[in-house]
Each structure stands twice: as structure tokens, then as C-alpha cells.
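Coordinate inspection notes
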Amino acid sequence: MTATLTIRDEGLSSRDAQGEREGHSFELTFPSETITVRELIRERVYQEVADENLRRRSGTAGRFRGLVQPSPEEASPNAPKQGPREIDWKAQFELATQAFEARRVLVLVGEAQATELDETITIGKGCEVTFLRLVPLVGG
């Protein structure tokens with residue numbers, strides 16, 4: 001049985017005209033109703049990097065809206081005489097898990113904060129996970 005999870009991306013500074021938090025949302029499907037935070041991050045990063053690499057190959061790439069940002073070399077859509085540059089999902093996954101462990105990215109399952117990579121998430125009907133990016137204070 002597969003389970004579908006709604007993912008939302010938010011930042012503390014992103015607000016719409018009514019003062020509500022703005023965010024990008026999408027769905028991920030898993031083969032099981034029980035996953036770990038590590039599996040969630042891995043699947044999310046893998047899917048968004050695969051999608052971006054496909055857009056680059058088709059020439060429709062725009063600004064990358066992933067959990068973490070590619071290296072400067074990967075961020076350049078084209079390498080000289082080599083065509084579209086691929087983003088490495090494994091490197092992005094490593095950066096994402098480091099950001100989670102350093103609390104630069106919070107993972108909220110419903111209203112509860114996940115605190116460990118091996119923490120279990122049960123995907124139920126209407127389950128929503130929010131990735132909240134924290135921005136360091138300038139000069140602090």
C-alpha cells in the first residue's frame with residue numbers, strides 16, 4: 001500500500017499580502033505508511049533534484065527551489081561545451097541532513113517538530129509535513 005504526504009516549504013520571512021506565511025507545496029508518495037525523517041529527506045531531495053536535472057536537460061530550468069541550494073558549479077545551468085550541468089542528489093541529501101541536524105531546517109509533522117533523523121513518521125490521511133528554513137540573524 002502506498003502513502004501520500006503533502007510537503008510544504010516555508011521560511012520565517014515569507015508572508016503574503018494578508019500576512020499569512022507563503023510556501024511552496026507538493027506531494028510525495030512512499031511505498032509504506034511508516035517512514036523515518038531520514039527517508040523523508042532522502043526522497044524529497046532525490047525527487048526535486050531529478051526534476052531539476054530533467055528541466056535542465058530540456059532547457060526549461062529556472063531558479064532551483066530545493067531544500068538546499070546546489071554548489072556554485074552545479075548552480076550554473078551550463079558548463080562550457082558540456083551542455084546542462086547535473087546536480088548531485090547525494091551531495092544535496094548530505095547537505096540537507098546536516099542542515100536538519102544543525103537546526104537550520106526544522107521538520108514539522110502536523111504541529112509536532114521532528115528532532116531526530118531516525119524518528120518515525122506515520123503517514124495518515126491528510127498528513128502534512130512542513131520544512132521550515134531558519135535564517136541566521138545578521139551580526140548575531
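Please refer to the structure higher up on the page.
The notes below deal with the structure included here. (Residues numbered from 1 in each chain as written. Predicted model: local features only at pLDDT ≥ 70, side-chain atom pairs only at ≥ 80, totals over all residues. Heavy atoms only, no water.)

1. Comments concerning the packing of aromatic side chains
- Under the defined criterion, the tally for this structure stands at 2 aromatic pairs.
- On the basis of an interplanar angle of 85 degrees and a centroid distance of 5.2 Å, the ring pair of Tyr46 and Trp89 is categorised as edge-to-face. Within this pair, whereas Tyr46 is found in helix α1 (residues 37–58), its partner Trp89 is found in helix α3 (residues 89–101), the two being separated by 43 residues in sequence.
- Grouping aromatic residues by their ring pairs yields a cluster made of Tyr46, Trp89 and Phe93. (Phe/Tyr/Trp six-rings, centres within 6.5 Å; stacked < 30°, edge-to-face > 60°. Helix = DSSP H or I, 4+ residues; strand = E, 2+ residues; numbered from the N terminus.)

2. Observations regarding α1
- The terminal C-alpha atoms of α1 lie 32 Å apart, and with 22 residues this matches the ideal 32 Å at 1.5 Å per residue to within 8%.
- Among the residues making up α1, those that are buried are Val37, Leu40, Ile41, Arg44, Val45, Glu48, Val49, Glu52, Asn53 and Arg56.
- The first or second residue beyond α1 is Gly59, which carries a positive phi of 80 degrees. (Expected span 1.5 Å × (residues − 1). Buried < 20%, exposed > 50% of the residue type's maximum accessible area, 1.4 Å probe, protein only.)

3. Focus on the nonpolar core
- One finds Leu5, Leu40, Ile41, Leu67 and Phe131 to be the most contacted residues of the largest nonpolar core, which totals 28 residues.
- Contributing elements (two or more residues each) for this core: β1 (3–15), β2 (21–30), α1, α3, β6 (105–109) and β9 (128–133).
- With 5 residues, the single largest contributor to this core is α1.
- Setting aside residues no more than four positions away along its own chain, Phe131 makes contact with Ile7, Arg8, Asp9, Glu10, Leu40, Ile41, Arg44, Leu67, Val105, Leu106 and Val107. (Core = buried A, V, L, I, M, F, W, Y, C linked by side-chain atoms within 4.5 Å. Contact = heavy atoms within 4.5 Å.)

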